[in-house]
Amino acid sequence: MPNTQQLEDFVSQVRRDIVRQVHKVNSGHPGGSLGCAEFFTALYQEVMDYSTDFKMDGIGEDLFFLSNGHISPVFYSVLARSGFFPVEELNTFRLINSRLQGHPTTHEGLPGIRIASGSLGQGMSVALGAAEAKKLNNDDHLIYTLHGDGELQEGQNWEAIMYAAGNKIDNIISTIDLNGQQIDGATDQVLPMGNIKAKFEAFGWDVLEVKEGNNITKILEGLKEAKELTEKGKPVCILLHTVMGNGVDFMMHTHKWHGVAPNDEQLAEALSQNPETLGDY
Amino acid sequence: MKKYTNTGKKDTRSGFGAGLAELGRTNENVVALCADLTGSLKMDEFKADNPERFFQVGIAEANMIGMAAGMTIGGKIPFTGTFANFSTGRVYDQIRQSVAYSGKNVKICASHAGLTLGEDGATHQILEDLGLMKMLPGMTVINTCDYNQTKAATIAIAEMEGPVYLRFGRPKVANFTPEDQKFEIGKAVNLTEGTDVTIIATGHLVWEALQAAEELEAKGISAEVINIHTIKPLDEEAIIKSVKKTGCVVTAEEHNFLGGLGESVARTLSLSTPTPQEFVATMDTFGESGTPEQLMDKYGLNAEAIVKASEKVIKRK
């Protein structure tokens, strides 16, 4: 099991991968990707039980579903560096004929991806189906999901949130990336969502908060606590307070880097803040 | 001309229910999801026999489609059930991304399609669903004509890998196809042999096409009736073979002429065998309240309309 320093080194490399992928094709979503680098690292380097010998049905494994598919750069980096496909393939992000499409898809057969996502609000429903299938299969592994906070404005989420509690789907841990930002600005300005914790609780979920969502130790503690809450008749939600653009100072605390690529100078600056730890692709 | 006997009126949705119940007994991977229309979809027997494999999602169709996609990941074969309107237009993006683009083995089963839903009116009478579904890459689109065929189709689609849209209806209609038929996805069924006109029909219009063929025979016109139950992939070979013999074609469907079976046939023929064609379909309109019979009469979806279209298209040869 990796120690904290090893995990932080992994995060540093993932941040490099994120900005390099997006810079190369001058497109993609660095802000949200950087904000979730620690979370993905915790899941794939420490928490989840999975095989890199990828099988779509995932029987006997923990499964992860990314609902806000636009943060594909962090997903691709962590999958590659966890052994699902060659790290060099990150060079093909968003290029023609690539398996690394702009948003994640099963269509090109990229190992580690089990559903297409990008059109927002669909991931929790898919995850619930997978969770129900696990119960039918007497498979006691867990389903993990990630959703953007702005994404909760999509109504389908609330259909799923209602279903999960009403049907005691207690083998799912859904994490909300609470960075408070969406394309048009702060979520509180675009469409205020009120008290998200109270809303989940009112729907019948167990909710816990990770206030330092970019602190790998705190994330691991939160995921451990969440796991202890599973199999008790209720779905579990983690509200992960993150900083968009985390780890690259000029990308932090703003929605401006939601879907904008750094130029050459900005890339150099971003890389200078995050040492190469595992080798650039 | 070969004659067909109506063995008693039955609704196609009950054929679906019977097929699903049989799958419940024969295939342990089949699961069913329903959005608060269990009785309307005739899913009660499956639910009673397999409560652990039946998922009531409430009035939440988007979540139902997403959950179905997720269940395939655990190796299940999900059948979703609601009205055609709520099975397609309401959840188009969910089907597009989570099912079709993701290549998931979901069977979207849709009742109360078209005008024959009747008195509920246009809000529920979708006439655009075949077009919506056939435009999705990789989607198989089936519209069955009677109880026996619907039951057979329901069983057959569980055996194929990939997303399917299965469309059927509410009213009791003639049941005339064989009880023991083997349903071959993508394979046309030639019902009568003829030389003057080819009538290509799907769904509830197939029985009407057979009635029309009898009327045409009385007028000395020989009609070849083809049942296209699978609109995609289309049995192009069967269509081309027939029109090469007859030289003209009438297509008949309970759907808008835009996007329906008729357009698929026209495309097929225009590429290889340009042929005069008439469309028996709704003409870019919404439906309205009324009995199924009244509506099919008013919107020209019956044997009489097929006879007129046949006479017209023969003159265009």
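The shown structure was predicted, so the numbers you read here are calculated from the model rather than taken from an experiment.

As a further point, take the overall build of chain A. In terms of helices and strands, chain A carries 10 helices and seven strands. Computed over the C-alpha atoms, the radius of gyration of chain A is 17 Å, within 12% of the 19 Å expected from 2.2 N^0.38 for a compact globule of 281 residues. Across its three principal directions, the C-alpha atoms of chain A cover 50 × 45 × 35 Å. Out of the 281 residues in chain A, the part that is buried amounts to 53%. Long-range contacts, defined here as pairs at least 24 residues apart, represent 76% of the contacts in chain A between residues at least 6 apart.

Attention now moves to the overall build of chain B. Along its length, chain B carries 12 helices and 14 strands. Relative to the globule expectation of 20 Å for 317 residues, the C-alpha radius of gyration of chain B, 19 Å, shows essentially globular dimensions. Overall, chain B is about 60 × 40 × 35 Å in size when its C-alpha atoms are taken along their principal axes. Within the span of chain B, comprising 317 residues, buried residues form 62% of the whole.

The next subject is unusual backbone geometry. Residue K232 of chain B is joined to P233 of chain B through a cis peptide bond whose omega torsion reads -5 degrees. Examined against the element boundaries, P233 of chain B turns out to sit in the loop between β12 (230–232) and α9 (236–246). Non-glycine residue E231 of chain A carries a positive phi angle of around 60 degrees. The topology assignment puts E231 of chain A in the loop between α9 (216–229) and β7 (236–241). Here E231 of chain A falls in the exposed class, since 12 other C-beta atoms lie within 10 Å of it.

Moving on to the nonpolar core. Of all hydrophobic cores here, the largest spans 180 residues; its most connected members are L128 of chain A together with L166, I199, A209, V280 and I306 of chain B. Structurally, this core is a two-domain feature, drawing no fewer than three residues from each of domain 1 (10–173) and domain 2 (189–315) of chain B. In contact with L128 of chain A, not counting residues within four places along its chain, are A160, Y163, A164, I169 and I172 of chain A together with M67 and G70 of chain B.

So, about the interface of chain B and chain A. As a measure of interface size, the accessible area lost when the parts come together is often cited. If you look at the interface, chain B gives 23 residues, while chain A gives 28 residues. Among the elements of the structure, α3 (61–73) and α5 (92–101) of chain B are those that each provide at least two residues to the side of chain B that touches chain A. In the side of chain B that touches chain A, the residues fall into 10 nonpolar, 10 polar and three charged.

We now examine the domain arrangement of chain B. Residue and element names in this part refer to chain B. In terms of domain boundaries, chain B breaks down into domain 1 (10–173) and domain 2 (189–315). Each partner contributes to the interface: domain 1 provides 27 residues, whereas domain 2 provides 31 residues. Per-element tally for the side of domain 1 that touches domain 2: the top contributor is strand β6 (residues 140–143), with four residues. When its residues are assigned to classes, the side of domain 1 that touches domain 2 shows 11 nonpolar, 11 polar and five charged.

Turning to the environment of E108 of chain A, a few remarks are in order. Residue and element names in this part refer to chain A. With respect to the helices, strands and loops of the structure, E108 is situated in the loop between α4 (72–81) and α5 (123–136). Measuring from C-alpha to C-alpha, the distance between E108 and S98 comes to 7.8 Å, with 10 residues separating the pair along the chain. Sequence-distant contacts of E108, defined by excluding residues within four places in its chain, comprise R99 and Q101.

Here the focus is the sheet that holds strand β6 (residues 206–210) of chain A. All names here are of chain A. Ordered in space as β1-β2-β3-β7-β6, the five strands form an open sheet in which the pairing is parallel. Two strands in the sheet have a free side with no partner beyond their single neighbour: β1 (63–66) and β6. For this sheet, the mean inter-axis angle between neighbouring strands, taken without regard to orientation, is 20 degrees. Both strand β2 (residues 143–148) and strand β3 (residues 172–178) contribute to a ladder of six bridges, which runs parallel. Residue Y144 lies in a different strand from β3, and its bridge partner there is I173. Strand contacts of α5: β1, β2 and β3, with the helix running at about 175 degrees to β2, the strand carrying the most contacts.

Conventions we followed
Residues numbered from 1 in each chain as written. Chains lettered and ligands numbered in written order. Predicted model: local features only at pLDDT ≥ 70, side-chain atom pairs only at ≥ 80, totals over all residues. Helix = DSSP H or I, 4+ residues; strand = E, 2+ residues; numbered from the N terminus. Rg over C-alpha atoms; globule rule 2.2 N^0.38 Å. Buried ≥ 20, exposed ≤ 12 C-beta atoms within 10 Å, placed from the backbone. Contact = placed C-beta atoms within 7 Å. Core = buried A, V, L, I, M, F, W, Y, C linked by C-beta atoms within 7 Å. Domains from an automatic or database assignment. Nonpolar A, V, L, I, M, F, W, Y, C, P; charged D, E, K, R; others polar. Pairing = 2+ DSSP bridges. Axes fitted to C-alpha atoms, helices over the stretch in contact; angles between N-to-C directions.

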